[in-house]
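Breakdown of the fold
Here are the chains, one letter per residue:
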Amino acid sequence: MILYLQKEEYQPGKALSEAELKNAISIHHALATRAKDYSKRPHVFYLRTADWRVFLFQAPSLEQMQSWITRINVVAAMFSAPPFPAAVSSQKKFSRPLLPSAATRLSQEEQVRTHEAKLKAMASELQEHQAALLGKKARGKEAEEQRQKEAYLEFEKSRYGTYAALLRVKLKVGSEELDVVEAALAQASSPEDGAPPPRSSPSLQPRVSSQPRAQRRGSEPRAGAGSGRRRP
C-alpha cells in the first residue's frame, strides 16, 4: 500500500534512505488513470491519492505505463478498507470524508461486493446532486462547493467502478500473482483506466510488462483543485 520513490535501482535488503521514506506515497483508496489530456511527454499517467493530491508519472513505454496503472489499481482495490460512515453534522458546507488507511479485513468476495455497493451509492448520489442543481443559479462559494461535490462524486463513481471491475477479473482468474492478473486484463483491458471495458469491445493491447518502472518529476499547483500536481 506504499509507493516508494527511489532515484536508484531497487536493491532487495537495502535500507531505504530518509528522503525515500519522506517521499513515500500511500495508495489506499487511490486511482491511477492515463493522462490523456497531457501532451508534453508520452506514456504519462495520473495518480490521485485519498487526500486528493495528484501526481503525474512517466513510464518508459506504453506497456509499462499500463502495467503501473493496473498494479496500483488492483492493489488499491484489494486492500483499501471500506470508508467510515458519514459524520452527523449540521454544517451545510461540503467536505470530502476521510478514508481509512488501514488494510481491509474483508475477504476478496466481500471486498468486491462492497465496491459495487459504493458504486451504486455514488451513482445515485451524483444523480440526485445534479437533479437538485437544475434551474438553480448559485454564485460564489456556494457554486464552488457544488462543483467540488460533483467532481468528488464523479471521481468516486469512477474509482469504485474500476475497483469492482478489476477484482471481478482477479476472482475469475483465481490467482494472487499480479503477472497472471495482468495477462488476463491484457486480453480485454482499457489502456486508460486499467479496467476491463464492455464485453463488446475487442482487445488491441499486447501483454503488459511484469516489471514496470516510472519516473516522477517536478510539481506545481493544480488550478481549481486545491491539491498538488506533479508534472513529468
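We now turn to the structure provided with this report. Residue indices begin from 1 for each chain and proceed along its sequence in written order. Since the coordinates come from a predicted model, pLDDT governs what is reported: local features require at least 70, and pairs of side-chain atoms require 80 or more to be given and counted, while whole-chain, interface and lining totals use all residues. Note that the side-chain values use all heavy atoms of the structure and ignore hydrogens as well as water.

Description of the side chain of His-115
Applied cut-off: A helix here means a DSSP run of H or I that spans at least four residues, while a strand means a run of E at least two residues long, and both kinds are numbered starting from the N terminus. Identification of polar contacts relies on pairs of N or O atoms within 3.5 Å, with a donor-acceptor requirement for protein atoms, meaning one able to donate a hydrogen and the other able to accept it, and with residues adjacent in sequence counted only if both atoms are side-chain atoms. Contacts are assigned to residue pairs that have any heavy atoms within 4.5 Å of one another.
In this fold, His-115 is placed in helix H3 (residues 108–133). One polar contact links the side chain of His-115 to the main-chain carbonyl oxygen of Ala-77, over a distance of 2.9 Å. Those residues in contact with His-115 that lie beyond four places of it in its chain are Ala-77, Tyr-160, Tyr-163, Ala-164 and Leu-167.

Describing the packing of aromatic side chains
For clarity, the cut-off: Each pair of aromatic rings taken from Phe, Tyr and Trp, with Trp reduced to its six-membered ring, is defined by centres within 6.5 Å and is described as stacked if the planes are under 30 degrees apart, edge-to-face if over 60, and tilted in the remaining cases. Categorising residues by exposure relies on relative accessible area from a 1.4 Å probe, with only protein chains included: less than 20% of the type maximum marks a residue as buried, more than 50% marks it as exposed, and the intermediate range marks it as partly exposed. A ring is scored as having a charge over it whenever the NZ atom of a lysine or the CZ atom of an arginine sits within 6 Å of its centre and within 35 degrees of its normal.
All told, the structure shown has six aromatic pairs when counted by the stated rule. When the centroid spacing of 6.3 Å and the interplanar angle of 80° are considered together, the rings of Tyr-160 and Tyr-163 count as edge-to-face. Of this pair, Tyr-160 and Tyr-163 both sit in helix H4 (residues 140–173), three residues apart, which is roughly one turn of the helix. Of the two residues, Tyr-160 and Tyr-163, neither departs from the other in class, the shared state being buried. In textbook terms, an aromatic cluster arises when at least three aromatic residues are bridged by ring pairs, as seen for Phe-45, Phe-55, Phe-57 and Trp-68. One Lys or Arg, Arg-159, reaches over the ring of Tyr-160 and ends 4.3 Å from the middle of that ring.

Structural notes on unusual backbone geometry
A positive phi angle is found at His-29, which is not glycine, with a value near 55°. Mapping His-29 onto the fold places it in the loop between strand E2 (25–26) and strand E3 (31–34). The phi dihedral of His-43 is positive, around 60°, even though this residue is not glycine. Relative to the elements of secondary structure, His-43 occurs in the loop between E3 and strand E4 (44–48).

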